[in-house]
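One-letter residues, chain by chain:
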Amino acid sequence: MPVLEINAISKSYGKIRALDNVSFNIPKGSVFGLLGPNGSGKTTLLSIVLDVLQANSGVYKWFGESPTYLHRKKIGSLLETPNLYHYLTAVQNLRITQTISGRGNEGDIHAVLEKVNLHERKNSRFSTYSLGMKQRLAIAAALLGDPAVLVLDEPTNGLDPVGIAEIRGLIRELATKGHTVIMASHLLDEVEKVCDHVAILKRGQLIACGAVEEVLSAEDCLLLSAADQLLLTEKMGGYPGLVRMNATAEGLECYFAKGASSAEKVNQYCFEQGMVLSQIWAKKKRLEEKFFELTSE
Amino acid sequence: MISTILKTEWLKLKNYRAFWLLLAVTAISYPGINGIAYYAFMDSIDAKTQSGQLVKMLLGNPFAFPQSFHTTAYLSSFFTFIPAIVVIMLITNEYMFKTHRQNIIDGWKKNTFIWGKFISVLLITLIVTLFYLVVASIIGTIATPDVDRAKILEKAHYIGLFSLQVFCQLSIAFLLGLLIRKAFIAYGIFIFYSFILENMLSGLFRLKSKKWGIDYGHYLPFEISDRLIPLPPFIGKFNEADNKLAIAAIDSHVVYTLALTAFVWLLSFYIFKKRDL
């Protein structure tokens, strides 16, 4: 059973359609990356499933049930910015989180502050924190009571490189413990490193969704080089199953429908065409590349 | 559930210095205004002049029991704007820090959030009423040479009227904060409306009342509950006919005030439930 089922959700702000009929499921135990450029609807979608925004149409279910406040108590969430009381200390803020959600106890408050390296400043007021420290405290609030599901909207915002690596480690640790992490991020490198599933939004529409490997490798890509690149381009143009080509400084990128070709077959084909390849490399597409490909005009 | 709401609201307030500071200002303002009025009155009747003796003869002592409850309630009600600022601050802070969203995200129902504020406003009303009660009791004790225990509580119903007035006006302040969301704009509108605009409208309606046969000014949002505590007799004597009518209308205004307060809170629940956070 998916942790979260999103079914045909749409949301408009006046004439602007922030979400357009978005549907997908988030499997239990997955680290799910929600990607999209600014204004693509990531935060709107997370706000809807956390009940701070109301969808114009569509439904969602948490744990296979119609959503209630009881489900939210079980979910640790950081939405958009750290939303905490500026005049209270870290401990005092987490006590409020604890009282409302019922997650954790006094001991857990200190444990999560240790986990995000804020324990030394636990009695300082939130207003005195740097942006990174505020973000750490918001993450601590989400982690309080070790919830089975975490919703983290841009969790590495404001963090330094060490902080980013720590959060990455933390998410991996949560994943190994079987937690479900739903994470919206701009940092594609981070998402690629920690997520096993991904959904990509563009102008409120879902344009890709699934396991990271599936989304990335909808096509096979081989990078070829030969002494005569022009001739290579001409000959490869006639290769059966070729989808498209792209000449780069590294060589000729040849894209094939998934499973339609292999390095061996291409090498043999080129040899039969009287060409000797100086390089043939099965290129794995990176998430960043795929993201730009999908989200560009 | 109520204990969780109370605990959460307490956690929000107990370390909030501005809240305690403004409550302290309220606590000082009540004995301040009543003390000044009391000593001014005592000075005037102590004077060995003819006018001083005339005042004493005509007015009696408005600060002595049981009149103390009425006079102190009337004078203290001028300072309801201070706890109103506290109430506006409580709700606009939530919007400023976006903690109203976080409270919902963490597992509160939207109704629970507003119940939390309802309880806070109720508690502030009780605290403010306690301040008034202490001041009324102390001034009454000082001003009454021979305390007749049987008579002390003759006008104790003003304790209830004062608390109802405060609760209604703080509820309006809350609704304003909920609607406006920005603290300083909400303070500005509250002060401008309650001190200036409503008085102007009230005056305008009074002028038109002879023509229309009814004074709609009595039904303006603050005036509805202001009329729970009419002018104390020592001032009311200067326009005895109007004052008698005002005293006779108290019961009706209790009903109007309760209805207005209920409407304000129902509207608050509705707005918070329907609005995107």
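Residues numbered from 1 in each chain as written. Chains lettered and ligands numbered in written order. Predicted model: local features only at pLDDT ≥ 70, side-chain atom pairs only at ≥ 80, totals over all residues.

Participant: Explain the overall build of chain A here, please?
Facilitator: The number of helices and strands found in chain A is 11 helices and 13 strands. With respect to the principal axes defined by its C-alpha atoms, chain A has extents near 75 × 45 × 35 Å. Here chain A, with 297 residues, has 42% of them falling under the buried criterion. Residue pairs at least 24 apart in sequence account for 70% of intrachain contacts in chain A once pairs closer than 6 positions are excluded. (Helix = DSSP H or I, 4+ residues; strand = E, 2+ residues; numbered from the N terminus. Buried ≥ 20, exposed ≤ 12 C-beta atoms within 10 Å, placed from the backbone. Contact = placed C-beta atoms within 7 Å.)

Participant: Looking at this structure, I do not really get the nonpolar core. What am I missing?
Facilitator: Side chains of a nonpolar character, in soluble globular proteins, are inclined to be buried together. All names here are of chain A. Grouped together as the largest cluster of nonpolar side chains are 80 residues, with contacts concentrated most on Leu-137, Ala-140, Val-181, Ile-182 and Met-183. Per element, the largest residue contribution to this core is 8 residues, and it comes from helix α5 (residues 131-143). In this structure, Leu-137 is in contact with Pro-82, Leu-84, Ala-90, Asn-93, Leu-118, Phe-126 and Tyr-129, ignoring residues within four places of it in sequence. (Core = buried A, V, L, I, M, F, W, Y, C linked by C-beta atoms within 7 Å.)

Participant: I would appreciate a short explanation of the packing of helix α5 (residues 81-97) of chain B against helix α7 (residues 110-143) of chain B in the present structure.
Facilitator: The description of two packed helices rests on the angle between their axes and on the distance between the axes. All names here are of chain B. It is the contact of α5 with α7, at a shortest axis distance of 11 Å, that shows an interaxial angle of 160°. Accordingly, the angle class assigned to the pair α5 and α7 is roughly antiparallel. In this structure, the crossing between α5 and α7 has a hand that is right-handed. The segment α5 lies against α7, with Pro-83, Val-86, Val-87, Leu-90 and Ile-91 engaging Lys-117, Ser-120, Val-121, Ile-124 and Val-128. Class assignment of the residues belonging to the contact of α5 with α7 gives a composition of 8 nonpolar, 1 polar and 1 charged. (Axes fitted to C-alpha atoms, helices over the stretch in contact; angles between N-to-C directions. Parallel < 35°, antiparallel > 145°, perpendicular 65-115°, else oblique. Left-handed = near helix turned anticlockwise from the far one by under 90°. Nonpolar A, V, L, I, M, F, W, Y, C, P; charged D, E, K, R; others polar.)

Participant: Can you help me understand the interface of chain B and chain A in this one?
Facilitator: Quoted interface sizes are often the accessible area lost when the parts come together. Across the boundary between the two partners, chain B contributes 21 residues, which contact 24 residues of chain A. Every element with two or more residues in the side of chain B that touches chain A is listed here: α1 (2-13) and α6 (99-105) of chain B. The element contributing the most residues to the side of chain B that touches chain A is α6 of chain B, with 6 residues. Residues belonging to the side of chain B that touches chain A are distributed by class as follows: 7 nonpolar, 7 polar and 7 charged.

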